[in-house]
Amino acid sequence: GINKSKLELPGEYESKLNSLIGLSTVKDSVKKIKAYALANKDSGALNIHMCFYGNPGTGKTEVARNIAGILYENKILPSKNLIEVDRADLVSQYLGETPQKTLAKIRESMGGVLFIDEAYSLIPSHSGFDYGHEAVSTLIKAMEDYRGKFCVILAGYRNKMLDMLSSNPGFRSRIQFELDFPNYSRDELKS
């Protein structure tokens, strides 16, 4: 008969992802991400950073958690940790503190996934002074220096995220995958 161990069975997290209602385009993207990561995992060129576009309540955090698990199950990353942060976790109001705060979170997520919700808020919309740009440059440098050693997922509203990406060419060149989350509330589906 067929040697079962040779068949690529979906792991626990992949099965969890597949069991979520809807999100078929997201699931297809994750399959491609997994195939890409497996093909490139020993090449030194592995880049698994990504952007999630979508409104709140579309399952972005849930999918990020499953991606962390899938990357771990497939031995692409050594940890299934997902560190979820927002602007307040990265940006300080005090001079010189923002790079340290940002680096601390990057270190904490090393080997796993750093999920930055409402990532566009790091780029201030007003012209007043803001330390968000320090968080951005620290993050962009780490995404390059530790390429393949951890995964950064930037998440938020599509238009605001696209504005953010265009404001800094460093982001564009480091983002390997972009996933669109369709507009429905996961809670509506549960009832």
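For the structure itself, consult the block above.
Because the structure is predicted, anything quoted here is derived from the model rather than measured.

1. Let's talk about the packing of helix H5 (residues 97-109) against helix H6 (residues 132-145)
Pairs of packed helices are described in terms of their axes, by the angle between the two and the distance that separates them. The geometry of H5 relative to H6 is characterised by a closest axis approach of 8 Å and an angle of 40° between their N-to-C directions. In terms of orientation, H5 and H6 fall into the oblique class. Along this stretch, H5 crosses H6, giving a crossing that reads as right-handed. The segment H5 lies against H6, with Thr 98, Pro 99, Thr 102, Leu 103 and Ile 106 engaging Glu 134, Ala 135, Thr 138, Leu 139 and Ala 142.

2. Some remarks on the pattern of salt bridges
Under the definition given, this model contains 10 salt bridges. Residue Arg 87 is joined to Asp 130 by a salt bridge in which the shortest nitrogen-to-oxygen separation is 2.7 Å. With Arg 87 in helix H4 (residues 87-90) and Asp 130 in the loop between strand E3 (113-116) and H6, this pair connects stretches of sequence that are 43 residues apart. Taking the relative accessible area as the measure of exposure, Asp 130 reaches 10% and is therefore buried. One salt bridge connects Arg 158 with Asp 180, and the closest N-O pair in it is separated by 2.6 Å. Here Arg 158, found in helix H7 (residues 158-167), pairs with Asp 180, found in strand E5 (residues 177-180); they are 22 residues apart in sequence, far enough to count as distant.

3. Brief notes about the nonpolar core
Among the nonpolar cores identified, the biggest contains 30 residues, and Ile 48, Phe 52, Val 63 and Leu 71 are the most heavily contacted of them. For this core, the secondary-structure elements that each account for two or more residues are helix H1 (12-19), helix H2 (24-40), strand E1 (50-53), helix H3 (60-73), E3, strand E4 (151-156) and E5. A per-element tally of this core places H3 first, with 6 residues. Tyr 53, Ile 116, Tyr 131 and Met 161 belong to the second largest nonpolar core, which has 27 residues in total.

4. Looking at the environment of Ser 125
Along the polypeptide, Ser 125 turns up in the loop between E3 and H6. Judged by its relative accessible area of 80%, Ser 125 is exposed.

5. Here's the deal with H7
Among all positions in H7, only Met 161, Met 164 and Leu 165 are buried. Buried residues along H7 cover an arc of 95° about the axis, so they all sit on one side. Of the residues in H7, the exposed ones pointing more than 90 degrees away from the buried face are Asn 159, Asp 163 and Ser 166. Tucked inside the fold, the buried residues of H7 contact E1, E4 and helix H8 (169-174).

6. Notes on the sheet that holds E1
The strand order across the open sheet built from 5 strands is E2-E3-E4-E1-E5, with neighbouring strands paired in parallel fashion. Unpaired on one side and paired on the other, strand E2 (82-85) and E5 mark the two borders of the sheet. Each strand axis lies, on average, 20° off the axis of its neighbour in the sheet, ignoring direction. Across 4 bridges, the pairing between E2 and E3 is parallel. Looking across to E3, one finds that Ile 83 is bridged to Leu 114. Along the sheet, H3 makes contact with E1, E2, E3 and E4, crossing E1 at roughly 155°.

Rules used throughout
- Residues numbered from 1 in each chain as written.
- Predicted model: local features only at pLDDT ≥ 70, side-chain atom pairs only at ≥ 80, totals over all residues.
- Heavy atoms only, no water.
- Axes fitted to C-alpha atoms, helices over the stretch in contact; angles between N-to-C directions.
- Helix = DSSP H or I, 4+ residues; strand = E, 2+ residues; numbered from the N terminus.
- Parallel < 35°, antiparallel > 145°, perpendicular 65-115°, else oblique.
- Left-handed = near helix turned anticlockwise from the far one by under 90°.
- Contact = heavy atoms within 4.5 Å.
- Salt bridge = Lys/Arg side-chain N within 4 Å of Asp/Glu carboxyl O.
- Buried < 20%, exposed > 50% of the residue type's maximum accessible area, 1.4 Å probe, protein only.
- Core = buried A, V, L, I, M, F, W, Y, C linked by side-chain atoms within 4.5 Å.
- Arc of directions from axis to C-beta.
- Pairing = 2+ DSSP bridges.

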